[in-house]
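Now for the letters of each chain:
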Amino acid sequence: MNLKEKILSGARIGFDEALELYEMDFFELAGLADMKRRRMHDKKTYFNINRHINPTNVCKDICKFCAYSASRKNPNQYTMSHEEILDIVKDIDSRGAKEVHIVSAHNPNTGLEWYLEIFKKIKTAYPHIHVKALTAAEVHFLACEYNKSYDEIIDLMIQNGVDSMPGGGAEIFDEGVRDYICKGKVNSQQWLDIHQKWHERGMKSNVTMLFGHVENRAHRIDHMMRIRDLQDKTGGFNCFIPLVYQSQNNYLNVKEFITANEILRTYAVARIVLDNVPNLKAYWVTSTVNLALVAQEFGANDLDGTIEKESINSAAGAKSANGVELEEFVGLIKDSGFVPVERDSVYNEIKIW
Ligand code: V47
């Protein structure tokens, strides 16, 4: 059986085969990823009506790729009050949003309660809104800063109303690349351990991969393999999200931007390698909306959501600061030949548009 036949048969592929896939004819690779996508989701493309809130940009860590953190080039430090955050949630609730996605920098000045009370206050006032919050990098930071175990922080998250964990902070698991781009923050095994503990409590999370900087294809495949191994154990990942590196306003000196061809190949390889992760998100914020639409033919079945406001990736050059209008978003998915399906945060279908 050759590689193509093996994939068509539904068999799992290994590391070297995944590397070989990258060399395959572009459209043949797209066809295989599309076949995988159709078997799982047919022509449905998921999105949700959500709002990202980034409550503080003051950060103890120093990641070379980050343009958001106020400890680096960004001179405009901010920390939002809980009242400001609740005002945002009130507004989006009145306009039909179902999820808040809350990710902060690692601010050592606020105290643990400041983080936890954000979730508690939202959940108390808006119990129907899904709170997706705290990356494993934040969990690690809070555990270290306040002398708690990961288990203790995770239990506090659940007690205070966090419904699911976002996939941020995974970056690239290869230890050499990770040390170069974000030394000092949560390491790869710790990131995976935190998600394992979260899953073991019956909770769901996502997982990202930051690519298009100094890593190579083998590093990406290694990253996917580590995700696949954990998913075999827990089944807790809902979605894999490759994040295309944005190059502005940071300290990672990348001269050449990754090509659209390589981005699309990476989506396709991910769809084939990650046979146990149900959803593959083309996060339009980092890929551009246009490429995210094409990615639907390279295995992606999720385009995230309307977002409304986004600060982390837009600080590094992404055109996402003000989100995208719902009607436009839905129209673009339809015009590209797919079926827009509004979902909730854990992939229950809400409405076929
Ligand atoms: O962890 C930071 C990344 C992430 C840059 O779980 C950058 O549903 C590109 O994790 N270029 C935060 N990326 C965003 C994130 C996310 C986004 C959407 C959905 C979900 C989800 C999670 O943004 C960080 C980091 O990996 N990031 N700087 C940059 N220059």
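What you are looking at is a predicted structure, and each value in this text was computed from that prediction instead of being measured. (Residues numbered from 1 in each chain as written. Predicted model: local features only at pLDDT ≥ 70, side-chain atom pairs only at ≥ 80, totals over all residues. Heavy atoms only, no water.)

## Concerning the packing of helix α6 (residues 136-145) against helix α9 (residues 188-200)
One way to put it is that α6 packs onto α9 with a least axis distance of 9 Å and a crossing angle of 95 degrees. Taken as axis vectors, α6 and α9 run roughly perpendicular relative to one another. Contacts between α6 and α9 involve A136, V139 and H140 from the former and Q190, W191, I194 and H195 from the latter. Partitioning the contact of α6 with α9 into residue classes produces four nonpolar, three polar and no charged. (Axes fitted to C-alpha atoms, helices over the stretch in contact; angles between N-to-C directions. Helix = DSSP H or I, 4+ residues; strand = E, 2+ residues; numbered from the N terminus. Parallel < 35°, antiparallel > 145°, perpendicular 65-115°, else oblique. Contact = heavy atoms within 4.5 Å. Nonpolar A, V, L, I, M, F, W, Y, C, P; charged D, E, K, R; others polar.)

## Let's talk about the sheet that holds strand β5 (residues 205-211)
Across the sheet, three strands lie side by side as β5-β6-β7; this open sheet has parallel pairing. The strands lining the two open edges of the sheet, one partner per strand, are β5 and β7 (279-280). By the bridge criterion, seven bridges tie β5 to strand β6 (residues 237-244) in an arrangement that is parallel. Paired with V207 across the bridge in β6 is F240. (Pairing = 2+ DSSP bridges.)

## What to know about helix α10 (residues 217-234)
For α10, which comprises 18 residues, the first-to-last C-alpha distance of 26 Å matches the rise-based estimate of 26 Å (1.5 Å per residue) to within 8%. Turning to α10, its buried residues are H219, R220, I221, D222, H223, M224, M225, I227, R228, L230 and Q231. Of the surrounding secondary structure, the elements contacted by the buried residues of α10 are α2 (15-22), α8 (175-182), α9, β5, β6 and α11 (260-273). Capping the start of α10, N216 holds a side-chain oxygen 3.0 Å from the backbone nitrogen of A218, two or three residues further along. Of the residues trailing α10, G235 is marked for its positive phi of about 65 degrees. (Expected span 1.5 Å × (residues − 1). Buried < 20%, exposed > 50% of the residue type's maximum accessible area, 1.4 Å probe, protein only. Polar contact = N/O pair within 3.5 Å; in protein donor to acceptor, adjacent residues only side chain to side chain.)

## Comments concerning the site of the ligand
Taken together, 24 residues surround the ligand, and among them K132, G167, G169, E171 and Q246 come closest. In this structure, an oxygen atom belonging to the ligand sits 2.8 Å away from a main-chain N or O atom of G167. Against a free-state accessible area of 610 Å², the protein chains account for coverage of 96% of the ligand. Mapped onto the shell around the ligand, the elements with two or more residues apiece are β5 and β6. In terms of residue class, the shell around the ligand is made up of ten nonpolar, ten polar and four charged. (Near = heavy atom within 4 Å. Areas by Shrake-Rupley, 256 points an atom, 1.4 Å probe, with all protein chains shown as cover.)

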